[in-house]
Amino acid sequence: MRILVQKFGGTSLATHEQRERVAEKIIKACREGYAVVVVVSAMGRMGAPYATDTLIQLGNAANPELSKRELDLLLSCGEIISGAVLAGVLQRMGFDTVCLTGWQAGIITDSQYGNARIIEVKPQQVLRYLQEKKIVIVAGFQGITKEGEITTLGRGGSDTTAVALGVALQAEVVEIYTDVDGIKTADPRIVKEAKTLENITYNEICQLAHEGARVIHPRAVEIAMQNNIPLRVKCTFNNNPGTLVANRKGVLEDTTVIHHDRIITGITQISNITQLKIETKDYEDPQIQLKIFKAMALAGISVDFINVYPEAVIFTVRDEVADKAVEILKNMNLHPEVRRGCAKVAAVGAGMTGIPGVMAKIIEALTNEGIKILQSADSYTTIWCLVAREDMERAVRALHQQFLLSD
Ligand code: ADP
Ligand code: ASP
Ligand code: MG
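The sections below set out a description of the structure shown in this document. Because the structure is predicted, anything quoted here is derived from the model rather than measured.

Quick notes on the rules
- Residues numbered from 1 in each chain as written.
- Chains lettered and ligands numbered in written order.
- Predicted model: local features only at pLDDT ≥ 70, side-chain atom pairs only at ≥ 80, totals over all residues.
- Heavy atoms only, no water.
- Pairing = 2+ DSSP bridges.
- Helix = DSSP H or I, 4+ residues; strand = E, 2+ residues; numbered from the N terminus.
- Contact = heavy atoms within 4.5 Å.
- Axes fitted to C-alpha atoms, helices over the stretch in contact; angles between N-to-C directions.
- Left-handed = near helix turned anticlockwise from the far one by under 90°.
- Nonpolar A, V, L, I, M, F, W, Y, C, P; charged D, E, K, R; others polar.
- Buried < 20%, exposed > 50% of the residue type's maximum accessible area, 1.4 Å probe, protein only.
- Phe/Tyr/Trp six-rings, centres within 6.5 Å; stacked < 30°, edge-to-face > 60°.
- Lys NZ or Arg CZ within 6 Å of the ring centre and 35° of its normal.

**Structural notes on the sheet that holds strand β9 (residues 173-178)**
In space, the eight strands of this open sheet follow the order β3-β6-β2-β1-β9-β11-β12-β10, with mixed pairing throughout. Pairing within the sheet leaves two strands with one partner each, and these edge strands are β3 (97-100) and β10 (199-200). One ladder, built from four bridges, connects β3 with strand β6 (residues 135-139); its direction is parallel. Bridging across to β6, Val98 finds its partner in Val136. Across the sheet, helix α1 (residues 16-31) is in contact with β1 (3-8), β2 (35-40), β6, β9 and β11 (231-235); its angle to β1 comes to roughly 175 degrees.

Below is the structure:
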């Protein structure tokens, strides 16, 4: 049995017309001889009646402190509604289709509500239906703990469901269908001329996904990379080939050509960041720096962009936990300088290691645009700059232009 997993995102399923386009993609794959497993997200984005954001609002309206367990239960409904409706469309077209919840499809997770990790996949039920020649639709983004509790996999987590099922079912390829042509050199909402990459290595897409290119969930890429399963990111609304994610290796007659990662693959951005600066030079306590970071860890606050100097500590947190972080610091008798409304832009390239001049080009591009760099950091694959939120789009476009990433 040749198995194909196709995942359709919320923007591909928002209207009846779109769901018919989705059905056409599924039927085409069936006609090509594949046993097809379809993973769906909740229908539409913010404002659509059964979209994840709408369900979050519904829960918050009932109780802003709604327990994580009940919130997950509520959110899991979005994907179930989507799957059942799509099954209806296919059945009406005459195709034998079943829709399964994440737990019926054997997606077993840990018990971290809201951001659960898949720990096991038991695909027997899915396989049984495939053997009966049915199209199997699986509600993405959800699973069940060993204790029988329902969990969700973190925003964008349907990608992870699709890849995990693809691995468990030994699918030939996992196709991720979305509203853009594939993986691009920047978010096309910010850089209109961003180029669609024909192919990309796991390493490269992993970096992009971690840095905020939300076109694919980073955990989905990690599972694909560990298991060496190819992914293809494509658009639901055209027949373009999209982007192939695989380990690039070309065979040329009797020579194997290993292609290297690009110096810069793309530009990414993450907004809603708050920068905190704490002067520590007047504190007698030699442990003060350690105490700051221990206090953040104890409160479950993840810190980023960390710079520790003899006289000060600077780091960033997500906006939504900024008030909590400030309160903790004030309770320690510290006086943080708070800069809200920042964004992190990054030039990502798994091949930039050891290449001189990348930072100079970044500073040149941003300075020429009059954009102030509030902080910077680098690793062997990424250079990050913190900028004011209102400069974010201009910064992304300037960096994209500087590294000549469009056609
Ligand atoms: P889906 O509902 O299909 O899961 P998402 O909104 O999660 O869709 O992801 C698709 C969106 O990702 C695109 O509409 C695009 O704006 C955004 N995006 C951000 N960075 C990139 C990138 N580098 N390449 C392609 N799309 C990107
Ligand atoms: N519906 C979920 C979300 O909006 C999961 C997904 O779309 O992949 O995050
Ligand atoms: Mg997504």
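**Considerations on the packing of α1 against helix α3 (residues 68-92)**
Axis separation between α1 and α3 bottoms out at 10 Å; the angle between their running directions is 65 degrees. Read as a crossing pair, α1 and α3 show a hand that is right-handed. Between α1 and α3, the contacting residues are His16, Arg19, Glu20, Val22, Ala23, Ile26 and Ile27 on the first element and Val85, Leu86, Val89, Leu90 and Arg92 on the second. Looking at the contact of α1 with α3, its residues break down into eight nonpolar, one polar and three charged.

**Some words on helix α11 (residues 392-402)**
Buried residues of α11: Met392, Ala395, Val396, Ala398, Leu399, His400 and Gln402, and no others. Among the structural elements, β15 (266-279), β18 (337-348), α10 (358-368) and β20 (382-388) are those in contact with the buried residues of α11. Leu404 lies just past α11 and shows a positive phi near 45 degrees.

**Observations concerning the packing of aromatic side chains**
Aromatic ring pairs are defined here through the distance separating the ring centres and the angle between the ring planes. Here the structure, examined in full by the defined rule, presents two aromatic pairs. For the pair Phe8 and Tyr177, a centre-to-centre distance of 4.7 Å together with 10 degrees between the ring planes defines the contact as stacked. Taken as a pair, Phe8 in strand β1 and Tyr177 in strand β9 lie far apart in primary sequence, 169 residues in all. The two residues Phe8 and Tyr177 agree in class, both being buried. Directly above the ring of Tyr34 sits Arg2, whose terminal nitrogen or CZ lies 4.2 Å from the centroid.

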